Amino acid sequence: MIVASPKSVTELKNLIAPHSKVLFVGCGTCVTVCLAGGEREVGIASYAVRMARKIEGKPIELTQITIERQCENEFIKDMAEPASKAEAIVSFGCGAGVQALAERFPGKPVYPALNTQFLGILEEQAVWTEKCLGCGDCVLAQFGGICPVTRCAKRLLNGPCGGSTETQCEVGDGRPCAWQLIYNRLKGINQLDRLEAIVPPKDWSPSWHGSPRKIVREEHRV
Amino acid sequence: MIQLDREEIATAAPAARWEPRIIAFCCNYCAYAAADLAGSKRMQYPANVRIIHTPCTGKIEVEHILDAFERGIDGVLVAGCLEGGCHFLEGNLRARQHTGRIREILDEIGVGAGRLKMVNLSAAMAPAFVERVEEIVEEVRALGPSPLNPSRQKESAGKP
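Residues numbered from 1 in each chain as written. Chains lettered and ligands numbered in written order. Predicted model: local features only at pLDDT ≥ 70, side-chain atom pairs only at ≥ 80, totals over all residues. Heavy atoms only, no water.

What to know about the sheet that holds strand β6 (residues 114–124) of chain A
By definition, the strands of a sheet pair up through backbone hydrogen bonds, in either a parallel or an antiparallel sense. Residue and element names in this part refer to chain A. This is how the line gets drawn: Strand pairing is assigned whenever DSSP detects at least two bridges linking the two strands. For helices the rule is a DSSP run of H or I covering at least 4 residues; for strands it is a run of E covering at least 2, with both sets numbered from the N terminus onward. Angles here are taken between N-to-C directions and fall from 0 to 180 degrees, while the axes themselves are lines fitted to C-alpha atoms, restricted in helices to the stretch in contact.
Across the sheet, which stays open at both edges, the three strands sit in the order β1-β6-β7 with antiparallel pairing between neighbours. Because the sheet does not close on itself, it has two edges, and the strands there are β1 (2–6) and β7 (127–132). In this sheet, neighbouring strand axes are inclined to one another by 70° on average, regardless of whether the strands run parallel or antiparallel. Here five bridges tie β6 to β7, and the two strands are oriented antiparallel to one another. Of the residues in β7, the one forming a bridge with L119 is C132.

Shown next as structure tokens:
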């Protein structure tokens, strides 16, 4: 899923400083699961911003709605009415959600309430780690299901680098060496011979280095 | 949800003879029973505190506390079981994490972290309950009215 983290109350308050009637929009999918932009987080942020503005002597009228998914027009329709009554919109969705709302409501300023971080998984309660870079050309089969593009600090396709200590990456922060993980995994599934193959330089053109990507699946179009 | 009348707060605590108004969220299994025991033992504690009976401090949502502050309350006390003694195992530990986060928010928006406090008690600790209540009343009295207290809002609105 997409993992995001909330902006500080001060930053959020400053973003909407010129407005006095604002709609806070939560998203019920990824950012709800990562506890950053769901109904509860929208509620807490609303209390905080309303109180801060009241203390400053510039009260603000905030309305809240949380839709199923901000990245689909079908669900954005649900917020058309409250949006029409607001001067500005604050999206608690990922970057895609913010842009989807901005496209759908061309006459309204749309501000982000979150910092979109990465594609990751939940390791334990309230701990998320990055697992996928979205490079557009998946190489996980070669590496036993552990991505060196995302999880090796040097993004080596022919590792390890020799800088790791025991199982730890030399970059630090307690992060494990991705290549140690790959070795352990390939050993566990009897595919260590894969490490003998030289992996050619990766073609980065399907990644975002090329240009913003677009996928059209003709068989599903109507 | 807490039902406080804004006018009642304003009239009961005008700036000249302001008295702190404090809400104590008390866990059913410890602090609420301690408060009850304090009453049975005829122990006196400041009348500034209004007690809200909760099933466990872990069930107190962040919004409940923020709502109280938005309505102009001057301080909030969260009273849960001793660590390791929660009836639901770790509700009081969650409450401590929640209150820590709320204190950060209160500091950031200008209300002040000192207006929110969490304490741990057992059901038998009536004297400790009285002491904790007296402490928070004095601490909040020293801080003055909340910037969101209607009496203070009126006061600042009157200033040029």
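Side note on a nonpolar patch on the surface
Residue and element names in this part refer to chain A. The line we're drawing: Only residues whose relative accessible area exceeds 30% and that form no salt bridge enter a patch; like-charged residues are grouped when within 9 Å of one another, and nonpolar side chains (Val, Leu, Ile, Met, Phe, Trp, Tyr) when within 5 Å. Surface accessibility in these figures is a Shrake-Rupley result with a 1.4 Å probe; residues are shielded only by whichever protein chains are displayed. Note on definitions: salt bridges are taken to be side-chain nitrogens of Lys or Arg within 4 Å of carboxyl oxygens of Asp or Glu. Only protein chains enter the accessibility calculation, which uses a 1.4 Å probe; a residue is then buried when its area is under 20% of its type maximum, exposed when over 50%, and partly exposed in between.
Together, M1, V33 and L122 make up a nonpolar patch on the protein surface, roughly 250 Å² of accessible area in all. As for its placement among the helices and strands, V33 is situated in helix α2 (residues 30–33). A relative accessible area of 51% places V33 in the exposed class.

Description of the side chain of N149 of chain B
Residues and elements named next belong to chain B. Let me state the cut-off plainly: Side-chain atoms alone can form a polar contact between residues adjacent in sequence; in general such a contact is a pair of N or O atoms within 3.5 Å, and within protein one must be able to donate a hydrogen while the other accepts it.
Within the fold, N149 resides in the loop between α5 (126–143) and α6 (150–158). In this structure N149 comes out as buried when scored by relative accessible area, which is 0%. Engagement of the side chain of N149 in a polar contact is seen with the side chain of D74, the distance being 3.0 Å.

Section: the packing of aromatic side chains
Residues and elements named next belong to chain A. Rule in force here: Working definition: a ring pair exists when centres of Phe, Tyr or Trp rings (six-membered ring for Trp) sit within 6.5 Å. Plane angles under 30 degrees give stacked, over 60 give edge-to-face, the rest tilted.
Evaluation of the coordinates by the stated rule reveals four aromatic pairs over all chains. With a centroid separation of 5.3 Å and an interplanar angle of 50°, the aromatic rings of F24 and F92 are classed as tilted. Of the two residues, F24 sits in strand β2 (residues 21–27) while F92 sits in the loop between β4 (88–91) and α6 (95–104), which places them 68 residues apart along the sequence. Here F24 and F92 have matching classes, each one buried. Between F143 and W179 the ring centres are 5.5 Å apart and the planes differ by 85°, which places this aromatic pair in the edge-to-face class.

Focus on unusual backbone geometry
All names here are of chain A. Residue P160 follows G159 across a cis peptide bond; omega there is 0°. As for its position among the elements, P160 is in the loop between α7 (148–151) and α8 (178–188). Even without a glycine there, the phi angle at R155 is positive, about 55°. Structurally, R155 is set in the loop between α7 and α8. If you check the backbone angles, D173 has positive phi at about 60° while not being a glycine. For D173, the position within the fold is in the loop between α7 and α8.

Considerations on the environment of L62 of chain A
All names here are of chain A. In plain terms, the rule: Contacts were defined at the residue level, with two residues in contact if any of their heavy atoms lie within 4.5 Å.
Along the chain, L62 turns up in strand β3 (residues 61–67). With a relative accessible area of 11%, L62 lands in the buried category. Considering only alpha carbons, one finds L62 and R221, 159 residues apart in sequence, at a separation of 39 Å. Ignoring sequence-local partners within four residues, the contact set of L62 consists of V22, F24, S46, V49 and R50.

Looking at the pairing of β4 of chain A
Residue and element names in this part refer to chain A. Defined as follows: Place the viewer so that the strands point away; then a crossover is right-handed whenever the path from the first strand over the helix to the second strand goes clockwise.
Going residue by residue along β4, you find A88 and V90 tucked away on one face and I89 and S91 tucked away on the opposite face as well. Pairing geometry for β4 and strand β5 (residues 110–112), over three bridges, is parallel. Looking at the pairing, S91 lines up with P112 of β5. Crossover β4 to β5 through α6 is right-handed.

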